[in-house]
Amino acid sequence: MNFPTIKVATRSRFGATGFGQISLAYMGSGGFVAVALLIGLLLQWAGAGPSAGLVFLTAVLMSAVTYGLWPGLFACVASTLAYNFFFFPPLYTLSIADRRNAITLVIFGVVALIASNLAARIRSQTMATEERAAMMENLYLFSRKLAGAFTLDDLLWAIAFQFANMLHVRVIILLPDGAALRVRAGYPPEDRLDPIELRAAEQVWNSANTEDQDRGTAPHSKHLFLPMRTGRGPVGIVGIESDETSALLTDEQRRLFDSLADQAALAIERLNLSEDIEKARLTAETERLRSALLTSISHDLKTPLASILGSASTLKSQRSALDLSSQDELIGTIHEEAERLSRFIANLLDMTRLESGAIEPKLEWIDLGDVIGSALRRAGPVLAHHTVHVGIDDDLPMLKLDPVLFEQCLFNLLDNARKYSAPGTQIRLRAIRSDESVRLEISDEGDGIPDYALERIFDKFYRVQASDKKRAGTGLGLPICRGFIAAMGGSIAASNRPDKRGALFTIVLKVPAEQPQDRAA
Ligand code: ADP
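Because the structure is predicted, anything quoted here is derived from the model rather than measured.

**Student:** Could you clarify how one ought to interpret the overall build of the protein chain in this entry?
**Tutor:** Check the secondary structure of the protein chain and you find 12 helices and 11 strands. Out of the 521 residues in the protein chain, the part that is buried amounts to 40%. Pairs at least 24 residues apart make up 67% of the contacts formed inside the protein chain by residues separated by at least 6 positions.

Structural data, given as structure tokens:
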């Protein structure tokens, strides 16, 4: 499990200062005073004795700034004593002979006291500002993290982690699931809650849904449960638990909790909304596809069936009255329409197989020229009214393709080229070798494809113009092509011919790194 990397404030406002840290602070202050004493003695030796007071004052200031009020006061007392002991006669005693010296010492003590107080206050203000800045940065990073989460699970992990890190508590997050609440994330990871705790969480959830006031948790619960809410209402519950016996959240922590909970609630709501929108979009898309399928089926099944039925019943009832050529014509219609029906059904089946993931290409080494040849043979009857020009580079490598899928794809493209261009025009097929791929281009001399539709024509049931609907077709041929080619590791794109009017379809196929043995030899 990857936990989000969120910067955490290094100095905790809420963590208690350890005993070790306290004694270290007093030792540090003592050290400052000792150094001041040493410097004072050196100055006295050099004949600048009265400067010692200033040096001690510096030690007091440094102690207060570095370690805070109490170590500062400690330095203040220690300095006063050392000043007296080492600098005022009688030396090396704590008594003072001269009244003027006594006054100097008292003034020194008072000044040191005031200075240490002020310095300590500045220190604590600076620290508070730094902590607030770190907290703001943390909240800012948190909000960026939330904005970057795309799944609800990622989002909830980030939220639980952030609560745990900033408040130093264990966290559990519950979201509504139908009528009940369900544990969705926790830090440390947790996916269950004992029934008493769950009931407490549900109470908070119910009261959050009915009242404006957040009542928190009943006293018997180990967790403190609080709702996360947006302007539209509560979106979930955060449960926090800590080993500390004191109140779980101080006022400041509660404020921090609230701002975390607000951000989290908004992010959860954003994701819920986008999930709802996605669901609505999918439903609308399914609905559109269903009605497109129904229209397509009713049109594309009914039209050929009606022709077949009409021709067959004419043949049956009036065969004797028809001359041979009329009979041939009717039989031809039946054959042609049955083929159209069969193509349509094959397309529907291919699409179903593609969508259910049942297509597994059986890749084998093939010579592109061979597959092109067999696709052209199969499409021969439908291409009867067009001239087909084929150009294949000589040094084409062998490719790893599924010949059946690839031939079907070529057939669909050739069938489209003839459907969407006038009879008598030319269809061009070119296979070109480049460094790591082979490009296969199929172009015609029809009206081409408008720019806005170049990508959409690969969508299911999409047909560019109303007039296309008069031509037999399902809007499935190209999505099937793309599905097949992608399954074989290639790509297909549509464009318009640069040299003249007409559509151009380009298939790019990767050349395998190694060629088969017999070919290589
Ligand atoms: P169908 O041809 O059965 O309608 P396709 O998925 O094969 O379905 O093609 C989708 C749409 O793309 C077609 O309806 C047509 O509008 C457009 N199209 C496909 N091939 C060509 C082409 N060669 N020239 C112009 N338009 C084309």
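Having put the structure on the table, let's press on.
**Student:** Looking at this model, I keep getting lost on the side chain of Ser421. Mind explaining?
**Tutor:** Structurally, Ser421 can be placed in the loop between α10 (403–419) and β8 (426–433). In terms of polar contacts, Ser421 uses its side chain to reach the side chain of His386, at 3.1 Å. At a separation of 2.6 Å, a polar atom in the side chain of Ser421 contacts the main-chain carbonyl oxygen of Ala417. Residue contacts for Ser421: discarding those within four places in its chain leaves His386, Asp444, Glu445 and Gly446.

**Student:** Sorry, what's going on with the sheet that holds strand β9 (residues 437–443) here?
**Tutor:** Pairing between the strands of a sheet is mediated by backbone hydrogen bonds and can be parallel or antiparallel. An order of β6-β8-β9-β11-β10 is seen for the 5 strands of this open sheet, with the pairing classed as mixed. With partners counted over all chains shown, the strands left at the sheet margins are β6 (387–392) and β10 (491–496), one partner each. Along the sheet, successive strands turn relative to each other by an average axial angle of 15°, direction set aside. Sheet analysis places β6 next to β8, joined by 6 bridges and oriented parallel. Its bridge partner lying in β8, Val388 is registered against Ile427. Along the sheet, helix α9 (residues 368–379) makes contact with β6, β8, β9 and β11 (503–510), crossing β6 at roughly 170°.

Analysis parameters
Starting afresh in each chain, residues are numbered from 1 along the sequence in its written order. At least 70 in pLDDT is required for a residue's local features to be given in this predicted model, at least 80 for side-chain atom pairs to be given and counted, and no such filter applies to totals for whole chains, interfaces and linings, which use all residues. Excluded from the side-chain calculations are hydrogens and water; all other atoms, namely the structure's heavy atoms, are used. Secondary structure follows DSSP: runs of H or I at least 4 residues long count as helices, runs of E at least 2 residues long count as strands, and numbering of each begins at the N terminus. Type-normalised accessible area, obtained with a 1.4 Å probe on protein chains alone, sets the label of each residue: buried when under 20%, exposed when over 50%, and partly exposed for intermediate values. Whether two residues touch is decided by their heavy atoms; if any such pair falls within 4.5 Å, the residues are in contact. N or O atoms closer than or at 3.5 Å make up a polar contact, with two conditions inside protein: a donor-capable atom paired with an acceptor-capable one, and, for residues adjacent in sequence, both atoms drawn from side chains. Pairing between strands is defined by DSSP: at least two bridges between the two strands are required. Axis definition: a line fit to C-alpha positions, over the contact stretch in the case of helices; interaxial angles, taken between N-to-C directions, run 0 to 180 degrees.

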